[in-house]
Amino acid sequence: MSKRNENNETLNNKRDVNKKDIVFYIANKKYLLPFRNNINKNKFMQIGDFYKELISKKIFNIDLKLLRKWDEKEILPAYRFAKGAVRVDTRYYIKEHVLIVKEILRLKEIGLNISDIEKVIFFNYNINMILLNKNIKNKESFNKMKNTINNIDNMEAKLIIPSIKSVDKKVVKNILNDNSLYTDVLKKEDISLITFISILNKACINYKNKKFDKLNFKYDMINTIENINKNLYKG
């Protein structure tokens, strides 16, 4: 729901279901919060009834204050109807909102903030890419690695070993096994990140018994960059 001032005027209608359909995604599947006027009024639940609906579905780690906050942050946009003698806007929800609540809680559990959750639910952003962005240190330096390959002695001390120690190996594995990354429409920063994680994987492979095989990594890195460029920029 868009933010409003004391006169109930819209301040931000980025995601206002009272004015238009809102598309959202759960596990890459597309759903819809329909425009308010296209919904049978019997399907609406006031915020208190919606809270009871969540409890009935064993969703306990939530309260009315949090529902209101998520509406204000526009990650759980509520419908509004004027009610009562003073015509105060009341929040209403439909069953599709339950899906969003479950997804918000799941994404919070794995460490995503409000901004990240918005990207995943309303823009179908890749979760692994977000986690990787949060997880990796020195990725800006790695993006310049191809141009500084002759200084690989310094990389071992300043880049390779610190990054290997800082990265969640499970996230690395998820990225490398995610074939959809090569078919999705990727942002420029995502392409850089995929390049980085592939190089980092080669660095991990070449770092054994606390020793770093610089020569082998040099050729692995060049081949990795060339292969990624072929996959991502083909056609």
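The sections below set out a description of the structure shown in this document.

Rules used throughout
- Residues numbered from 1 in each chain as written.
- Predicted model: local features only at pLDDT ≥ 70, side-chain atom pairs only at ≥ 80, totals over all residues.
- Heavy atoms only, no water.
- Helix = DSSP H or I, 4+ residues; strand = E, 2+ residues; numbered from the N terminus.
- Expected span 1.5 Å × (residues − 1).
- Buried < 20%, exposed > 50% of the residue type's maximum accessible area, 1.4 Å probe, protein only.
- Salt bridge = Lys/Arg side-chain N within 4 Å of Asp/Glu carboxyl O.

Along its 14 residues, helix α3 (residues 96–109) runs 21 Å from first to last C-alpha, staying within 8% of the 20 Å computed at 1.5 Å per residue. For α3, every residue scored as buried is listed here: His-97, Val-98, Ile-100, Val-101, Glu-103, Ile-104, Leu-105 and Leu-107. Where α3 ends, the next residue or the one after it, Gly-111, has phi of about 105°, a positive value.

Let us look at the pattern of salt bridges. For the structure shown, the criterion picks out six salt bridges. Measuring nitrogen to oxygen at the nearest pair gives 3.0 Å for the salt bridge that ties Arg-15 to Glu-118. In this pair, Arg-15 sits in the loop between β2 (10–12) and β3 (22–26) while Glu-118 sits in helix α4 (residues 114–123), placing the two residues 103 residues apart along the sequence. The residues Arg-15 and Glu-118 share a single accessibility class, namely buried. The salt bridge involving Arg-91 is made with Glu-72; its shortest N-O contact spans 3.9 Å. Of this pair, Arg-91 sits in strand β7 (residues 88–93) while Glu-72 sits in helix α2 (residues 64–72); the two residues are 19 residues apart in sequence, bridging distant segments of the chain. Salt bridges linked by common partners bring Asp-71, Glu-72, Arg-80 and Arg-91 together as one network.

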